[in-house]
Amino acid sequence: MSGSLSGAADELYGAEPGGFVARRAGLVKAAKADGDKALAAQILALRRPTVAAWYVNLLARSSSAELEALLDLGAVMRQAQSELDMAKVASLLPERRRLEGDVRGRLERLLADQGVTASPAAWAEVANTLTAATADPAAADAVRSGCLARSLR
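Heads up: these notes are all about the structure in this document. If you're wondering where the values come from, they're calculated on a predicted model, not measured in any experiment.

### Overview of the nonpolar core
Turning to step 1, where the next piece is worked out: Of all hydrophobic cores here, the largest spans 33 residues; its most connected members are Tyr55, Leu67, Leu107, Leu111, Val126 and Val143.
Turning to step 2, where the next piece is worked out: Within the residue set of this core, elements represented by two or more residues are helix H4 (51-61), helix H5 (65-82), helix H6 (86-113), helix H7 (120-135) and helix H8 (137-145).
Turning to step 3, where the next piece is worked out: With 8 residues, the single largest contributor to this core is H4.
Turning to step 4, where the next piece is worked out: Setting aside residues no more than four positions away along its own chain, leucine 67 makes contact with Leu59, Ala60, Val103, Leu130 and Val143.
Turning to step 5, where the next piece is worked out: Within the second largest apolar cluster, 12 residues are counted, among which are Ala8, Leu27, Val28 and Ile43.

What follows is the structure, encoded as structure tokens:
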């Protein structure tokens, strides 16, 4: 047992979601056996990730330079927007599109290694999550955590 909620979340969201419920039950049981009913309840409250959230978690946990570059560009774009420098924001859009393509390519390779082909709906949710992560620093942090339970908007 990891002994902490963050350790349990890391274990649960770091693995394929098909076994999520069984792994979570095991962690809850271990926490109860350790006498930590509060931790057991917190672990039980963790939700199984959606397919798209699992894809983004897989990407974040792969130490993706492509994802980091996109999230870093998001910070630059947010700064330019806060300064009302719309010319700079517009000038960064081609780079953003290029990085989004790089991220998708990286994720496609990761999924292929898992024997997974993403559906168009899942790709749309991944794209929405990446858009949210470039627009909002809290969303970027959530993506970096690799512990998403659902896609972001």
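### Focus: unusual backbone geometry
Turning to step 1, where the next piece is worked out: Of note, serine 63 is a non-glycine position whose phi angle comes to about 55°, a positive value.
Turning to step 2, where the next piece is worked out: Along the chain, serine 63 falls in the loop between H4 and H5.
Turning to step 3, where the next piece is worked out: For serine 63, a relative accessible area of 66% translates into the label exposed.
Turning to step 4, where the next piece is worked out: Residues other than glycine seldom take positive phi values, yet leucine 84 does so here, at roughly 60°.
Turning to step 5, where the next piece is worked out: Topologically, leucine 84 is positioned in the loop between H5 and H6.
Turning to step 6, where the next piece is worked out: Exposure remark for leucine 84: the relative accessible area of 70% places this residue in the exposed category.

### Observations concerning the packing of aromatic side chains
Turning to step 1, where the next piece is worked out: In this structure the tally under the stated criterion is 2 aromatic pairs.
Turning to step 2, where the next piece is worked out: Consider the rings of tyrosine 13 and phenylalanine 20, whose centres lie 5.5 Å apart with planes at 45°: the pair is tilted. The pair formed by tyrosine 13 and phenylalanine 20 is uniform in burial state, with each residue classed as buried.
Turning to step 3, where the next piece is worked out: Its guanidinium or amino end placed over the ring of tryptophan 123, arginine 104 lies 3.9 Å from that ring's centre, counting from NZ or CZ.

### Things to note about helix H2 (residues 20-33)
Turning to step 1, where the next piece is worked out: Taking 1.5 Å per residue, 14 residues should reach 20 Å; H2 reaches 20 Å between its end C-alpha atoms and fits that length.
Turning to step 2, where the next piece is worked out: Within the sequence span of H2, burial applies to Phe20, Arg24, Leu27, Val28 and Ala31. On an axial view of H2, the arc spanned by its buried residues comes to 100°, and they lie on one face. In H2, those exposed residues whose orientation departs by more than 90 degrees from the buried face are Ala22, Lys29 and Ala33.
Turning to step 3, where the next piece is worked out: Where H2 terminates, the next one or two residues include glycine 35, which has phi positive at roughly 80°.

### A look at the environment of glutamate 108
Turning to step 1, where the next piece is worked out: Following the sequence through the fold, glutamate 108 ends up in helix H6.
Turning to step 2, where the next piece is worked out: Of the residues examined, glutamate 108 reaches a relative accessible area of 38% and is grouped as partly exposed.
Turning to step 3, where the next piece is worked out: On a C-alpha basis, the gap between glutamate 108 and leucine 59 in space is 9.6 Å, while along the polypeptide they are 49 residues apart.

### A short note on the pattern of salt bridges
Turning to step 1, where the next piece is worked out: Under the counting rule described, the total for this entry stands at 10 salt bridges.
Turning to step 2, where the next piece is worked out: A salt bridge links glutamate 108 to arginine 104, with the shortest nitrogen-to-oxygen separation between them at 3.2 Å. Residue glutamate 108 and its partner arginine 104 are both found in helix H6; the two are separated by 4 residues, about one turn of the helix.
Turning to step 3, where the next piece is worked out: Assessed through its relative accessible area of 36%, arginine 104 is described here as partly exposed.
Turning to step 4, where the next piece is worked out: Each of Glu68, Asp72, Asp141 and Arg144 takes part in salt bridges that share partners, so that together they form one network.

Rules used throughout
Residue indices follow the written sequence of each chain, beginning from 1 at its first position. With the structure being a predicted model, the display of local features is reserved for residues of pLDDT at least 70 and the display and counting of side-chain atom pairs for 80 or more, all residues being used for whole-chain, interface and lining totals. Neither water nor hydrogens contribute to the side-chain values; these are computed over all heavy atoms in the structure. Here, nonpolar core means buried Ala, Val, Leu, Ile, Met, Phe, Trp, Tyr and Cys residues that are tied together by side-chain atoms lying within 4.5 Å of each other. Relative accessibility decides the category of a residue: with a 1.4 Å probe and only protein chains considered, values under 20% of the type maximum give buried, values over 50% give exposed, and everything between is partly exposed. To qualify as a helix, a DSSP run of H or I must reach at least 4 residues; to qualify as a strand, a run of E must reach at least 2; elements of each kind are numbered from the N terminus. When checking whether two residues touch, look at their non-hydrogen atoms; a contact exists if any pair is within 4.5 Å. Pairing of aromatic rings covers Phe, Tyr and Trp, the last counted by its six-membered ring, and requires centre-to-centre distances within 6.5 Å; plane angles under 30 degrees mean stacked, over 60 mean edge-to-face, and any other angle means tilted. Each ring is checked for a lysine NZ or an arginine CZ that lies within 6 Å of its centre and within 35 degrees of its normal; such an atom marks a charge sitting over the ring. How far a helix is expected to stretch is found by multiplying one less than its residue total by 1.5 Å. Throughout, the arc means that of the directions going from the helix axis to the C-beta atoms. Any carboxyl oxygen of Asp or Glu within 4 Å of a side-chain nitrogen of Lys or Arg constitutes a salt bridge here.

The values reported here are purely geometric and, on their own, carry no functional implication.
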